[in-house]
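Structural description and commentary
Spelled out from the first residue to the last, the chains are:
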Amino acid sequence: MTTIPAPARRTPAEGRFTFTATTPLTADPALARAATWLRESLTPATGLPLPDGPGGVELRPADGLGPEEYRLTVTGESVLIEAATPTGAFYGAQTLRQLLDPAAFRSGRVADRTWSVPAVVIADAPRYGWRGCLIDVARHFLPKNDLLRYIDLLAMHKLNVLHLHLTDDQGWRLQIRKYPKLTEVGAWRRESPLGAGRPRRFDGRPHGGYYSQDDIREIVSYAADRFITIVPEIDLPGHTQAAIAAYPELGNLDTPLDVRTQWGVGENVVNVADGTIAFFTDVLEEVLELFPGPYVCVGGDETPKTQWNESVPAKERIRELGLRDADELQTWFMRHFTDFLLARGRKPLGWDELMEGGLPPGVTVASWRGARCTALAARSGHDVVVSPFAETYLDFRQAEGAQEPVPIGSVTSLSAVYAFDPIPGGLTGQERGRILGAQAALWTEHIDSPRLLDYMAFPRLAAFAEAVWSDERDFADFLVRLAVHEKRLDALGVEYRPAAGPHPWQQRPDSPGHPLTRAEIDGKLAAWTANLRF
Ligand code: ACM
């Protein structure tokens, strides 16, 4: 059995179920969405019509199973998927697809093949409810069709949250009807740095793109059909230079700004004027119309306070409100948006820097600066989504050596991602219960194409998927299954990193990196979190 992620329990049996042109597929109406997906995903490669009817593959409701749980029973005569929800049935259907020959993952007819699956009983459910992946479409835009392809890849790995980082200094990627300049001006930059080398060199090539609101409706619906919730992120109050370039009144300076062409943390943050709060409330109104999921991320990360510390209106706000400092001003500013989301029945998500000025009530913390931040957030009574950069940031290089494309960060190997455990030591049972799950992150400063995205994402995202789905882990066994899984990825055209290292065309000798050691990364982490009280 070679499925990824590994199921909780499986009992192999004798024999195989063989599909024929007359094998029927039937589903209770409650599970119809999963049945639709199964038929649509199996038919292109296999040509199997899977006509409606009893006596072949059946999706059947079952009481007493969890919301994402399923049972898959294959005998020589039938295939039965039981679940309490369409989501559970969908994961059963995903597992069934992986039991077929990897050629089942091709998009066109594979001739001369008998399609069969081994007899087995699988009882399966995920370890965590939040199994996410962040894709940064701001630094490099991911065209809509590539994003849809990623939604399929996430679903194949039983991941269920796509965190879309839609806005940043270097680009605003979401059409907002009320403020058209956000995309007219903010969706493109003049040029980009070539790699991460110092001194910087630039490529002299404009970069841009954005999703129209019709695109977003399509993406959200496509994801929902695959049981993936999209968490949109509008990053505030830092990472906003593209918005300030479009609407200079949002900034702290008198001089106009360009959409940022440098990477790294920028000094330009939005001001704390009433008009700015109203502007981003309007933006969030449109975000809520487009994204029906419970969570909306409002950022809060990496906000230098330099401009606020020098700004007369910001200093006046601090004094008027009796705040201690600019960190507390950030919390005050962010509360407008987190309270707004709560009042609309949504759940605000924010990065762990928000703890520096006091966490706004009701905010779920996206913890990226390590286990201490995760523990602090959980102890303070907040739900937490865990995404530590040293283990789950998939823009970090996969191995030592200059052959890796644009090597940055420390080495985040396949085995390190596989070993990742979201739960820090020393938490009580109740605190552990606040950890909703985890997400991997594909930040794209140095990932400028869908091909390179494949290289950085895979196979590490498969290892991550198992880390958040499966209770038991065995890396040697994972590697055996991965050898088959790579054939599935080949069939899908995913340009993953070969275990022996990149193909020549996956290297980027034109684009220098800036690799760090793990000790340097740990040092940065210690400095960033030194002022957090534990
Ligand atoms: C982050 O990596 N700035 C969340």
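Anyway, here's the lowdown on the structure attached to this text. In this numbering scheme, every chain counts its residues from 1 along its sequence in written order. Two thresholds apply to this predicted model, a pLDDT of at least 70 for residue-level local features and 80 or more for giving and counting side-chain atom pairs, whereas whole-chain, interface and lining totals are computed over all residues. Excluding hydrogens and water, the side-chain figures rest on all heavy atoms present in the structure.

**Side note on the pattern of salt bridges**
A carboxyl oxygen of Asp or Glu within 4 Å of a side-chain nitrogen of Lys or Arg is what we treat as a salt bridge. Throughout the structure, instances matching the rule amount to 35 salt bridges. Ionic pairing is found between Arg 71 and Glu 82, a salt bridge with its closest N-O pair at 3.3 Å. Here the residue Arg 71 occupies a position in strand E4 (residues 70-74), and Glu 82 occupies one in strand E5 (residues 79-83), the gap between them amounting to eleven residues. For Arg 71, a relative accessible area of 30% corresponds to the partly exposed category. Secondary structure elements follow DSSP: runs of H or I no shorter than four residues count as helices, runs of E no shorter than two count as strands, and numbering proceeds from the N terminus. Exposure is judged per residue with a 1.4 Å probe applied to protein chains only, and the accessible area is read against the type maximum: over 50% gives exposed, under 20% gives buried, and values in between give partly exposed.

**Here's the deal with the sheet that holds strand E6 (residues 116-124)**
Strands are treated as partners if at least two bridges between them are detected by DSSP. In space, the six strands of this open sheet follow the order E1-E6-E4-E5-E3-E2, with mixed pairing throughout. Unpaired on one side and paired on the other, strand E1 (9-18) and strand E2 (25-27) mark the two borders of the sheet. Taken pair by pair, the neighbouring strands of this sheet meet at an average axis angle of 20 degrees, ignoring direction. Taken strand by strand, helix H2 (residues 86-99) contacts strand E3 (57-61), E4, E5 and E6, and its axis lies near 35 degrees from that of E4. To get an axis, fit a line to the C-alpha atoms, keeping to the stretch in contact for a helix; angles then go from 0 to 180 degrees between the N-to-C directions. Note on contacts: a residue pair qualifies if any of its non-hydrogen atoms lie within 4.5 Å across the two residues.

**Some words on the packing of aromatic side chains**
Any two aromatic rings considered together are summarised by their centre-to-centre distance and by the angle between their planes. Each Phe, Tyr or Trp ring, with Trp reduced to its six-membered ring, pairs with another whose centre is within 6.5 Å; inter-plane angles below 30 degrees give stacked pairs, above 60 give edge-to-face pairs, and intermediate values give tilted ones. Under the definition given, this model contains 28 aromatic pairs. Geometrically, the ring pair formed by Phe 90 and Phe 227 is tilted, given 4.8 Å between the ring centres and 40 degrees between the ring planes. Here Phe 90 is found in helix H2, whereas its partner Phe 227 is found in the loop between helix H5 (213-224) and strand E13 (229-236), with 137 residues between them in sequence. For Phe 227, a relative accessible area of 10% gives the class buried. On the basis of an interplanar angle of 65 degrees and a centroid distance of 6.1 Å, the ring pair of Phe 389 and Tyr 393 is categorised as edge-to-face. A residue is classified by how much of its surface remains accessible, and Phe 389, at 4% relative accessible area, is buried. With relative accessibility at 6%, the residue Tyr 393 sits in the buried group.

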